[in-house]
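# Descriptive analysis of the structure
What follows is the residue order along each chain.
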Amino acid sequence: MILHRYFARRYIMAFLGTLGIFFAMLTMIDFVEQARRFGGTTGIGELLAVSMLNAPAQLYEILPLIVIISGIALFLGLARSSELVVTRAAGRSALAALIAPVVVTLLLGVAAVALINPLVAATTRAYEARTDSLKGEERVITLSDDGLWLRQGDSEAQTVIRAKSSNLDGTVLREASFLTFDTEGRPRERVEASLAELQTGHWLLRGVKRWPLSAENPETAAERLPQMTLASSLTATQIRDSFGDPAAISVWKLPGFIDRLQAAGFTARRHQVFLQTELAQPAFLTAMLLIGAGFTMRHQRGGRVGVMVLGAILLSFGVYFLRNFAQILGENGQIPPALAAWAPPVAAILSSLGLLLHLEDG
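In this section: the pattern of salt bridges. Side-chain pairing between opposite charges can occur once the charged atoms of the two side chains come close. Overall, the coordinates contain 9 salt bridges when judged by the stated rule. The residue R186 makes a salt bridge to D182 at a minimum N-O spacing of 3.4 Å. Residue D182 is classed as buried on the basis of its relative accessible area of 19%. Salt-bridge contacts for R206 lead to E197; the nearest nitrogen and oxygen are separated by 3.6 Å.

Inspection of the secondary structure puts L356 in helix 13 (residues 337-361). Along the primary structure L356 and Q34 are separated by 322 residues, whereas in three dimensions their C-alpha atoms are 44 Å apart.

Under the 1.5 Å per step criterion, the end-to-end length of helix 12 (residues 304-331) is 41 Å for 28 residues, consistent within 8% with the ideal 40 Å. V305, M308, G311, A312, I313, S316, V319, R323, A326, Q327 and G330 are the residues of helix 12 that are buried.

Detailed reading of the predicted coordinates is not advisable wherever pLDDT is low. On average, residues of the protein chain carry a pLDDT of 85, and 91% of them reach 70 or more. Within the protein chain, strand 1 (residues 141-144) has the poorest average pLDDT of any element, 62, and helix 10 (residues 269-279) the best, 92.

On the surface, L95, L279, W342, V346, L350, L353 and L357 cluster together into a nonpolar patch covering about 560 Å² of accessible area. Along the chain, W342 falls in helix 13. What makes W342 partly exposed here is its relative accessible area of 32%.

What follows deals with the packing of helix 10 against helix 12. Between helix 10 and helix 12, whose axes approach to 8 Å, the crossing angle comes to 145°. Note that helix 10 runs across helix 12; the crossing there is right-handed. Within the contact between the two elements, helix 10 uses R269, R270, V273 and T277 and helix 12 uses R323, Q327, G330 and E331. Residue classes in the contact of helix 10 with helix 12 are distributed as 1 nonpolar, 3 polar and 4 charged.

With that settled, consider the packing of aromatic side chains. As enumerated under the stated definition, the model contains 4 aromatic pairs in all. Centroid distance F284 to Y320: 6.3 Å. Interplanar angle 50°. Geometry classified as tilted. With F284 in helix 11 (residues 281-296) and Y320 in helix 12, this pair connects stretches of sequence that are 36 residues apart. When the ring of F321 is compared with that of F325, the centres are 6.4 Å apart and the planes differ by 15°; the resulting orientation is stacked.

Below, the discussion takes up the side chain of N54. With respect to the helices, strands and loops of the structure, N54 is situated in helix 2 (residues 44-61). Discounting chain neighbours no more than four positions away, the residues touching N54 are D30, Q34 and Y127.

Basis of the calculations
Residues numbered from 1 in each chain as written. Predicted model: local features only at pLDDT ≥ 70, side-chain atom pairs only at ≥ 80, totals over all residues. Heavy atoms only, no water. Salt bridge = Lys/Arg side-chain N within 4 Å of Asp/Glu carboxyl O. Buried < 20%, exposed > 50% of the residue type's maximum accessible area, 1.4 Å probe, protein only. Helix = DSSP H or I, 4+ residues; strand = E, 2+ residues; numbered from the N terminus. Expected span 1.5 Å × (residues − 1). pLDDT = per-residue confidence, 0-100. Patch = residues over 30% accessible without salt bridge, like charges linked within 9 Å, V, L, I, M, F, W, Y side chains within 5 Å. Areas by Shrake-Rupley, 256 points an atom, 1.4 Å probe, with all protein chains shown as cover. Axes fitted to C-alpha atoms, helices over the stretch in contact; angles between N-to-C directions. Left-handed = near helix turned anticlockwise from the far one by under 90°. Contact = heavy atoms within 4.5 Å. Nonpolar A, V, L, I, M, F, W, Y, C, P; charged D, E, K, R; others polar. Phe/Tyr/Trp six-rings, centres within 6.5 Å; stacked < 30°, edge-to-face > 60°.

What follows is the structure in structure tokens.
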């Protein structure tokens, strides 16, 4: 256990050092980018706050890269100091020396999914809200338990829309209600429609009942129409983009959001793939560590060090690309979400273990 604790401590120190370096680099680069985008409209304090809100999401995105660099740093250090040679001479195999780093990586992966993911989701939402505010934009769609909510408006009026369900891209609403407010926030008109279809520049409503709320008795003044048009500034692209990135939703809340998304008539395949990918994150991080171990655990001689490190980095990028490609296939419905998320890390783990066994016993 003393040896395992020693390896675990060395790996944690390498991980924290790598994490700190990437945090400083990403924050500085993002600060420069935010200054370029919003430097003329806000101060340094606001720019720094926006960069700090974006940093957790960026670090979470490159967590596999941080893990493999930490693993390479650990095993190169152990190999150069001949500690791995001494470990083998004491009767411990290379696989036994991997137990502590693998356990630490699994724990890091579980903590990342269970604890860091909700933090990243919260900071991502805050970052999007800050940047939308700086750009003068607003979120136009929201999902809740009682249906789909949208907002549209211009300099003359604002309209809140609620619908029980919609088609896949939100351009056809069923059992829709339109409540229009004037520039002073007073309700001006209410329209109920059995079906609302978004066309260029307007909604085409069918099965309509219309209440003029400025009348003394709106119910008496209400009228029924077979169809009518209502001006709109929304587009299908705006509606789709308003769902945002699944990363802005905590993994604990994602199953409920998927249910609401499907109940509203939208496809939830992208969110299902993202959920499975998050659940597979500990396995993927373990695969990254094993790839680094497979290339750098042997005693290094001469110029082979650079070649082995380069091979580990290139292979890890290949596995990362394979996972992203599988995610695209899953989001397009070509393969099941669970297969898209779990196949790449499982294949990488088995391949890395095969390489380690070959180098040790082959």
